[in-house]
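Close look at the chain arrangement
Here's the letter readout for the chains.
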Amino acid sequence: MSETKKTELKISGMACAGCSAAVERALSGLDGVSSARVDLGRKTAYVEYDPAKLTEQDLKRAVEAAGYKVG
Ligand SMILES: [Cu+2]
């Protein structure tokens, strides 16, 4: 059984549902992410991931690679 860690990332640069969908896709596409949901109104991504495969830094990098900023 792999362990799951939950985290919230504050994301800036999202303006519409297309942006939040892009961030969700970027996070969901990572190996080790079991769930990624973005709340556009709160500008927050809720992510569940396997800490044996990924770090929070990897999540942050994926969001930035999609063109948005974390923090
Ligand atoms: Cu947009």
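Preceding block: the structure.
All of the points below concern the structure found in this document. Since we're looking at a predicted model, the values are computed, not measured. (Residues numbered from 1 in each chain as written. Predicted model: local features only at pLDDT ≥ 70, side-chain atom pairs only at ≥ 80, totals over all residues. Heavy atoms only, no water.)

**Some details on the coordination of the copper ion**
We apply this condition: Each metal site lists N, O and S donors within 2.8 Å (3.2 Å for Na, K and Ca). With water left out of the atoms, a site can look as if it is missing ligands. We call a residue buried when its accessible area falls under 20% of the maximum for its residue type, exposed when it is over 50%, and partly exposed in between, using a 1.4 Å probe and counting protein chains only.
Coordination sphere of the copper ion, protein contribution only: Cys16 (SG) and Cys19 (SG), at 2.1 Å. For cysteine 16, a relative accessible area of 39% translates into the label partly exposed. Classification of cysteine 19 by relative accessible area gives buried; the value is 12%.

**Focus on the pairing of strand β1 (residues 5-12)**
Both faces of the sheet carry side chains from a regular strand, because those side chains alternate between them. For clarity, the threshold we go by: The pairing criterion for strands is at least two bridges between them, as found by DSSP. Runs of E in the DSSP output that reach at least two residues are strands. Runs of H or I that reach at least four are helices, and both are numbered from the N terminus.
Examined bridge by bridge, β1 and strand β3 (residues 44-49) share 6 bridges and lie antiparallel to one another. Bridged to lysine 10 within β3 is threonine 44.

**Some words on helix α2 (residues 56-65)**
One turn of the α-helix equals 3.6 residues, which is why residues spaced by three or four share an orientation. Note the threshold: Here the arc refers to the directions that run from the helix axis out to each C-beta atom. Note on contacts: a residue pair qualifies if any of its non-hydrogen atoms lie within 4.5 Å across the two residues.
Along α2, the residues classified as buried are Leu59, Ala62 and Val63. The buried residues of α2 occupy one face: seen down the axis, they fall within an arc of 100°. Residues of α2 that are buried sit in contact with β1, α1 (17-28), β2 (33-39), β3 and β4 (69-70).

**Considering the pattern of salt bridges**
Pairing between side chains becomes possible if they bear opposite charge and their charged atoms approach one another. The line we're drawing: Salt bridges are defined as contacts in which a side-chain nitrogen from Lys or Arg sits within 4 Å of a carboxyl oxygen from Asp or Glu.
Evaluation of the coordinates by the stated rule reveals 3 salt bridges. As a salt-bridge pair, lysine 53 and aspartate 31 come within 3.6 Å of each other at their nearest N and O atoms. Of this pair, lysine 53 sits in the loop between β3 and α2 while aspartate 31 sits in the loop between α1 and β2, and the two are 22 residues apart along the sequence. Overall, aspartate 31 belongs to the exposed group, its relative accessible area being 59%.

**Remarks on the pairing of β2**
One ladder, built from 6 bridges, connects β2 with β3; its direction is antiparallel. Residue pairing in the sheet places valine 38 in a bridge with alanine 45 of β3. The loop that links β2 with its antiparallel partner β3 comprises 4 residues; one of these, lysine 43, has a positive phi angle of about 50°.

**What about the side chain of aspartate 50?**
This is how the line gets drawn: Residues scored as positive are Lys and Arg, those scored as negative are Asp and Glu, and His as well as the terminal groups of each chain are ignored.
Structurally, aspartate 50 can be placed in the loop between β3 and α2. Within the buried set, aspartate 50 has no salt-bridge partner at all; the shortest N-O distance to an opposite charge, 5.0 Å, is to lysine 53. Setting aside its immediate chain neighbours within four residues, aspartate 50 contacts Ser2, Glu3 and Gly32.

**Describing the sheet that holds β4**
Inclusion rule: Lines fitted to the C-alpha atoms define the axes, with helices restricted to the stretch that makes contact. Angles between their N-to-C directions range from 0 to 180 degrees.
Read across the sheet, 4 strands follow the order β2-β3-β1-β4 without closing on themselves; strand pairing throughout is antiparallel. Edge positions in the open sheet fall to β2 and β4, since each of these has one partner strand only. In the packing of α1 onto the sheet, the strands contacted are β1, β2 and β3, and the crossing angle to β2 comes to about 165°. Sheet strands touched by α2: β1, β2, β3 and β4. Its angle to β1, the strand with the most contacts, is close to 35°.

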